[in-house]
Amino acid sequence: MVMKRPKADVVVIGLGWSGSLMCEELTRAGLNVVAIDRGPWTDTSTHTPPAVDADELRWASRKELLRKPRDLTTTFRNTVDQIAAPQRDFGVYELGGGVGGAGFHWAGMAWRFSPWDFQVRSKTIERYGLKRAEDGEMQLQDWGITYDELEPFYDRWERIAGISGKAGNLKGEIQSEGNPFEGPRQRDYPTPPLKTLRMMELFNKGAKDLGLHPFTIPVANISQAYVNPLGVSMGPCTYCGFCLYYGCGNYSKSSPQACIFPTLMRRENFSVITEACVTRINKSSDGERATGVTYIDAKGNEVEQPADIICSTAFIVDNVRLLLTSGIGQPYDPRTQEGVVGRNFSFQTVSGADMWFEDGQINPFIGAGGLGSQIDDYNGDNFDHSELDFIGGAGILTLSRDGQPIAKANNIPPGSPRWGSGFKKAYSKYYQNYGTLFNQGCSMPVKGGYMDLDPNYRDKFGVPLIRLTYDYATSDRNMAKFTMDRSVELAKAMGAAQVSPFNFAAKSFSTAVVASDHVIGGAVMGADPKTSAVNTYLQSWDCHNVFVVGASAFPNNAGYNPTGTVGALAIRTAQAIHQTYVKNPGALVEG
Amino acid sequence: MAAPALAVPAKAAEMHGYPEDMALNPNFVPQGIRRGGVRLSLTDDTDYKTVKAVFDRLMPADELGPSASEAGCLDFLDAQLAGPFGEGQSLYRDKPLDPKADEMMQVPQFIATPRERYDTGLKALEAYARKTDGASFADLQPNRQDEILEGMENGTISLGPDINTKAFFELMLQNVREGYFADPLYGGNKDMVGWKMIGFPGARYDYRAYTDKTGQKLGLEPVSLIPRD
């Protein structure tokens with residue numbers, strides 16, 4: 001017998017960034033909200049204080065904060081005529097293992113997408129013609145909303161998170177610092193940028209010498225003590241260099257724990273069920289709406305949580321898998337391009353150049369997860385592509401992130417011995433002399449890139465794994481080569497003695513090759529129900545009380561990290577729910 | 001999946017209000033490894049000698065610092081293989097495993113745990129040395145050991161049809177680096193020799209006094225998570 005809990009106004013699946021932002025909005029508006037997270041309670045003082053945090057082996061090598069592939073993974077293949085195989089060890093999927101999700105261990109680059117990123121189809125046709133947009137392979141589509149419509153919600157997320165940065169475009173006026181290519185902002189960041197460390201100094205000088213426009217990356221590693229609009233206090237970043245894959249012991253990395261939980265957890269109308277895995281969204285008999293969810297609790301019991309509204313705010317893999325296993329929306333068929341659930345998977349197209357200096361004295365151990373400098377001169381549509389064979393571009397950045405000794409043992413010049421006395425000599429010299437230029441490029445959806453349910457492999461609950469079928473678009477490969485060449489020029493301008501270019505898109509994509517951990521799409525938003533699973537409020541076209549929120553909603557990925565856009569969309573959807581939907585349940589947008 | 005007939009109501013995992021217990025659980029702090037103690041996983045003497053010989057070629061003693069075994073890397077490895085890493089607790093291990101898929105995946109995928117891979121790999125390496133050189137791997141001259149390791153690394157030597165030789169080499173290389181450069185708490189990097197070699201200040205947590213000293217030698221002595229008296 002399945003136990004049935006009392007009905008909630010809203011059930012939220014997954015308490016990461018999206019879930020936490022939505023729970024905060026909805027509980028403050030008076031709704032009774034139950035969140036369900038597959039992971040345990042995880043928090044700063046209990047799990048990641050300085051006493052245990054500075055430990056590369058535990059957190060970065062063994063990835064103890066991450067969800068294990070044993071518990072969540074996918075199968076993978078490049079094309080439909082291959083048999084997909086499981087990703088068995090850590091790879092591109094870097095979800096959090098506990099509440100807070102990946103938002104607890106992330107690096108903290110805090111971007112807004114540029115205006116172009118929301119309209120890649122119409123803007124490409126407008127500037128370069130139909131053939132550039134429809135090359136036979138790409139499946140470009142606009143988001144259905146513009147940057148301007150999302151701007152107030154970016155602002156709200158940045159204020160909740162306390163993001164540190166300097167505006168480059170205030171209400172249309174380009175500022176002297178900051179990114180001159182960014183979309184116009186109404187006001188500056190809530191806290192000032194982090195310090196300029198040695199690798200950033202070298203980058204800034206080299207970039208300026210080439211006539212480019214470097215700026216400090218806006219980050220969720222905040223520069224000073226801050227109290228956010230929810231009344232939650234954060235501390236200043238100490239540049240400890242234990243950031244990506246680690247929790248923050250200083251309350252200075254923005255996370256659901258550091259920014260939202262202190263107020264959310266104290267609300268009477270909120271509770272979270274931890275160590276519980278939602279396996280199904282249940283539908284009414286006429287299929288028009290959902291009645292709640294079914295989950296498996298920590299003891300293995302099947303439990304039903306009824307609710308008037310269901311928000312699926314899990315990692316993209318689980319958002320898509322829930323829609324497929326629950327029968328919400330037509331699954332995408334790559335052979336006909338019909339259907340919507342699973343289509344438009346995208347990633348991050350990465351190339352760049354590793355660099356070695358002489359007498360650099362970089363002091364790499366001083367750093368923060370998102371800290372670095374970037375140029376957007378070759379990102380998005382910021383440069384003329386008329387004579388080029390691709391669309392989009394990459395943010396070319398350098399990192400002042402960390403100097404972790406186990407991982408950095410790989411970063412010695414090509415031709416250096418990898419072991420023996422020769423290795424010890426090389427590493428002793430180059431530990432202080434290594435840097436990288438990382439081109440974080442856009443990723444366009446392709447007709448053959450999608451997710452569905454694997455026919456052969458299941459998880460521990462017997463639910464089929466997601467099967468990912470994907471390879472890079474030709475346009476993205478060409479973009480990666482172009483930006484790689486630009487990064488080599490920049491490396492030389494920075495005075496690097498040795499430069500070694502790299503290009504992940506020169507080979508096929510694989511879930512086992514961690515060019516990035518930004519997996520995107522699968523339940524994309526749009527204005528047209530024939531090509532999107534959710535509307536512009538991330539409301540399911542098929543069940544009006546189901547909202548699917550996260551990077552699963554992006555129809556394409558930009559040359560930036562996704563979290564800021566995830567946060568902005570989550571806040572916008574939550575506000576639409578309590579301001580409009582609850583008063584008049586139904587479709588918020590005409591399909 | 002059907003629930004048992006008498007379902008126990010879920011409790012304790014449902015949270016209302018901020019948890020009152022906010023202290024660090026002492027069980028959450030990693031326990032220091034006792035050096036030179038009873039071996040937990042590398043209990044076969046021959047296997048132990050083989051991996052010690054390999055590790056001491058990968059990270060030999062020289063003017064820059066002690067060898068892997070002198071730095072405690074065997075204590076490190078023994079403890080790692082006896083714990084969740086060695087037991088492959090992160091891995092998705094459902095069958096079938098298709099080795100032909102490795103080319104598509106670009107990185108070999110294993111159902112065997114690291115502990116199992118060391119077990120088969122070390123025995124295969126020993127068998128290889130006995131077959132080609134008529135002696136134990138551990139008793140070969142260092143330059144001959146290096147030759148064999150180079151062959152494993154570049155794929156010209158196969159230890160057997162069922163072993164991904166190159167991947168086994170990479171596993172050992174990864175683990176010896178971990179042992180040499182992880183916090184000494186874990187058994188290796190004894191007296192922080194690995195960190196001293198490269199100039200990594202260890203488990204420090206606040207560099208705000210140094211952010212303006214870009215490009216300068218800071219002379220920071222390394223510290224470990226092991227509390228000092």
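Up top is the structure.
Report follows, based on the coordinates. (Residues numbered from 1 in each chain as written. Chains lettered and ligands numbered in written order. Predicted model: local features only at pLDDT ≥ 70, side-chain atom pairs only at ≥ 80, totals over all residues.)

**What about the overall build of chain A?**
When its secondary structure is counted, chain A shows 15 helices and 22 strands. Compactness check: chain A gives a C-alpha radius of gyration of 23 Å against a globular reference of 25 Å for 591 residues, within 12% of the reference. In terms of its C-alpha atoms, chain A occupies a principal-axis envelope of roughly 70 × 55 × 50 Å. (Helix = DSSP H or I, 4+ residues; strand = E, 2+ residues; numbered from the N terminus. Rg over C-alpha atoms; globule rule 2.2 N^0.38 Å.)

**A short note on the pairing of strand β17 (residues 394-399) of chain A**
Residue and element names in this part refer to chain A. By the criterion of burial, β17 is predominantly enclosed, with six of the six residues buried. In β17, alternate side chains face the same way, and those of A394, I396 and T398 on one face and G395, L397 and L399 on the other are all buried. As paired strands, strand β16 (residues 372-375) and β17 are joined by four bridges and run antiparallel to one another. Bridge pairing in β17 places Q374 opposite L397. Relative to strand β18 (residues 434-441), β17 runs antiparallel, the two sharing five bridges. (Buried ≥ 20, exposed ≤ 12 C-beta atoms within 10 Å, placed from the backbone. Pairing = 2+ DSSP bridges.)

**A closer look at helix α15 (residues 563-579) of chain A**
Helix length check: α15 of chain A, at 17 residues, gives a terminal C-alpha distance of 24 Å against a target of 24 Å (1.5 Å per residue), a fit within 8%. Along α15 of chain A, 14 of the 17 residues are buried, which leaves the element largely enclosed by surrounding structure. (Expected span 1.5 Å × (residues − 1).)

**Points about the packing of helix α1 (residues 45-58) of chain B against helix α5 (residues 142-154) of chain B**
All names here are of chain B. Between α1 and α5, the least distance of the axes is 10 Å, while the angle of their chain directions is 90 degrees. In terms of orientation, α1 and α5 fall into the roughly perpendicular class. Together, A53, V54 and R57 of α1 and P142, Q145, D146 and L149 of α5 make up the contact between the two elements. Grouping the constituent residues of the contact of α1 with α5 by class yields four nonpolar, one polar and two charged. (Axes fitted to C-alpha atoms, helices over the stretch in contact; angles between N-to-C directions. Parallel < 35°, antiparallel > 145°, perpendicular 65-115°, else oblique. Contact = placed C-beta atoms within 7 Å. Nonpolar A, V, L, I, M, F, W, Y, C, P; charged D, E, K, R; others polar.)

**Quick notes on the environment of D206 of chain B**
With respect to the helices and strands, the residue D206 of chain B is situated in the segment after α7 (193-198). Distance in space between the C-alpha atoms of D206 of chain B and I157 of chain B is 47 Å, their sequence separation being 49 residues. Ignoring anything within four residues of it in the chain, the contact list for D206 of chain B reads T238 and C240 of chain A.

**Quick word on the sheet that holds β18 of chain A**
All names here are of chain A. Ordered in space as β8-β16-β17-β18-β15-β21, the six strands form an open sheet in which the pairing is antiparallel. Edge positions in the sheet fall to β8 (215-216) and β21 (498-503), since each has one partner strand and no second. Helix α8 (residues 198-209) rests against β16, β17 and β18 of the sheet, and its axis sits at about 20 degrees to β16. In this fold helix α14 (residues 474-493) packs onto β15 (349-356), β17, β18 and β21, with an angle of close to 20 degrees to the strand it touches most, β15.

**Re the environment of S271 of chain A**
Relative to the assigned elements, S271 of chain A resides in strand β11 (residues 270-273). Once you skip the residues sitting within four places of it in the chain, S271 of chain A turns out to touch V34 of chain A together with E14, M15 and H16 of chain B.

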